[in-house]
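# Reading the structure
Next come the chains, spelled out residue by residue.
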Amino acid sequence: MIWKTILLAVLLVILLGMIWLASGGMEKLEQMGFWGNSPENSQEFQKPAETPAPETEGGSSETGNYDKETALQEAEKLAVQYDYDGALEILNSVKGADQDADLSSRIAEYELQKTNLVPTSPQAVTHVFFHSLVVDPERGFAHPEDPLTAGFCQWMTTVDEFNAMLEQMYARGYVLVDLHDLAEKTTDANGAVHLTPKEILLPPGKSPFVLSLDDLSYYHSYDGRGIASKMVLDEEGKPTCEYITPEGETVTGSYDCVPLLDDFLEEHPDFSYKGAKGTIALTGYNGILGYRTDSDYKNRRDLSADQAAWLEAHPDFDWEKECEEAKKVAEAIKADGWNFASHTWGHIKVGEECSLERLQTDTERWLQEVAPLIGGTDTIIFAHGQDLAAWNEDYGASAKVQYLQSKGFDFFCNVDSTQYFVQMGDNYLRMGRRNLDGYRLWEAVYGGNDKLSDLFNASEVIDPKRPTDPALYAL
């Protein structure tokens, strides 16, 4: 009788436990802090399991991969770059976020900041660009009798000028946005691409801008001019530069726009909208990023004097290995937040003097030799500042535009000295760019034609080591 009584009691306990579990008992244990939940959630019960917790835009109440402290840290990284939806999604993914005072307070803070954002249309976004930077002005601008000196004075910006521009633009509230932030790109059932304008949402007092770089190929003509020699990866796999000193020593560091902008954003993350950086426009005729990936180096034909001399100085050159290294560096640059664009293979003029056939030949070679190394692109930035139609012409009607669209290009950029130039069609975005180079600086400071005053004070930016001879800046 005793054993039967004990067995009956055990069965009764098991039955009551099963009923309790079925009614949500396990959920209550979790809410009270059992099974590894953070102690902050154990002070009071949450809503019953059968009542779904509220969701917020861009987030979910379901358990995510973040604990409370990690969620707060990661959300702050996104919020400081104006990605409030992403920040809210992380915070709301923490179990019991609506019952935690710290999480609830931060969610309310981000929701308020989000409601205060001010929209900017694509037509009110300026686009600036640079060439490779001069590290040593005494080498870059030396020898006035050299025909290339005038070109360097006009086209190039020095490292000190670049850094000063970033500082002043940051102080004035400029925020870097990606070119693709300006349009929503979709593809319909027939495979046709469509672009619709997309506003940039930033706090009051902030102004979005786009940045691009031309000719990041480190041409042979740059050798000995106090400019970096190639892009490489540092010990952590991040993109940086190789530079050859006047003494012939090869060193690595922040000697050009890519690592310098990365350094600036490390200190000022709020200078970037959702992690945006810039677009790098590449030619192909001397290779890319300082690597000699042009197939002429492999085939040893149609070589320029510079190319032949370089090959003679590098008897162990391996074209396949060179391409492999270039691709690895390009992948790291993209992982770092940068995009790539075509700058035409031969740095050609695409205007009226260029036939459709020549554009096609040049584009096909770029697609064969450069696109595979960078993973392709939908953006083309025209060399020499040219474009495929006048500003008041139907851009989409151009045979050249239609050809480039058939090759996957949807974003088209020229050079325009005005503050804003943006046109959008159903299947293209056309944007003008402003050259922040020696020519514009000299004109602003000495030529009585300041087109940079909305960005920075040119007289405070211009490098004192830059030559001032007007003949060097005469176009």
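Right, let's walk through the structure included here.

What follows concerns the nonpolar core. Side chains that are nonpolar tend, in soluble globular proteins, to be buried together. By size, the foremost hydrophobic cluster in this structure holds 85 residues, and its most contacted members are Leu-289 and Phe-456. Apart from the residues lying within four places of it in its own chain, the contact partners of Leu-289 are Leu-216, Ser-217, Tyr-218, Lys-230, Met-231, Leu-282, Ala-326, Val-329, Ala-330, Ile-333 and Phe-340. Grouped together as the second largest cluster of nonpolar side chains are 35 residues, Tyr-82, Val-94, Leu-182 and Ile-200 included.

Let's shift gears to the packing of aromatic side chains. Under the defined criterion, the tally for this structure stands at 21 aromatic pairs. Summarising the aromatic geometry, the rings of Tyr-170 and Phe-271 are spaced 5.9 Å apart at their centres and angled 75° between planes, so their arrangement reads as edge-to-face. A residue pair is termed long-range when its members are at least 10 positions apart, and Tyr-170 in helix H8 (residues 159-171) and Phe-271 in the loop between helix H9 (257-267) and strand E11 (279-282) qualify at 101 residues. Ring centres of Tyr-219 and Tyr-222 lie 5.5 Å apart, and the angle between their planes is 70°; on these two criteria the pair is classed as edge-to-face. Pair check on accessibility: Tyr-219 and Tyr-222 agree, each one buried. If you follow Arg-225 out to its NZ or CZ, it ends over the ring of Phe-152, 4.9 Å from the centre.

A separate point is the sheet that holds strand E9 (residues 239-244). Pairing is antiparallel across the open sheet formed by 3 strands, whose spatial order is E8-E9-E10. The open sheet has two free edges, formed respectively by strand E8 (230-233) and strand E10 (250-253), since each of these has just one partner strand. Taken pair by pair, the neighbouring strands of this sheet meet at an average axis angle of 40°, ignoring direction. Bridging between E8 and E9 involves 4 bridges; their strand directions are antiparallel. Its bridge partner being in E9, Lys-230 is matched across the sheet by Glu-242. Seen against the sheet, H9 touches E8, E9 and E10 and runs at an angle of roughly 130° to E9. Sheet contacts for helix H12 (residues 319-335): E8 and E9; angle to E8, the most-contacted strand, approximately 75°.

About the cut-offs
- Residues numbered from 1 in each chain as written.
- Predicted model: local features only at pLDDT ≥ 70, side-chain atom pairs only at ≥ 80, totals over all residues.
- Heavy atoms only, no water.
- Core = buried A, V, L, I, M, F, W, Y, C linked by side-chain atoms within 4.5 Å.
- Buried < 20%, exposed > 50% of the residue type's maximum accessible area, 1.4 Å probe, protein only.
- Contact = heavy atoms within 4.5 Å.
- Phe/Tyr/Trp six-rings, centres within 6.5 Å; stacked < 30°, edge-to-face > 60°.
- Helix = DSSP H or I, 4+ residues; strand = E, 2+ residues; numbered from the N terminus.
- Lys NZ or Arg CZ within 6 Å of the ring centre and 35° of its normal.
- Pairing = 2+ DSSP bridges.
- Axes fitted to C-alpha atoms, helices over the stretch in contact; angles between N-to-C directions.

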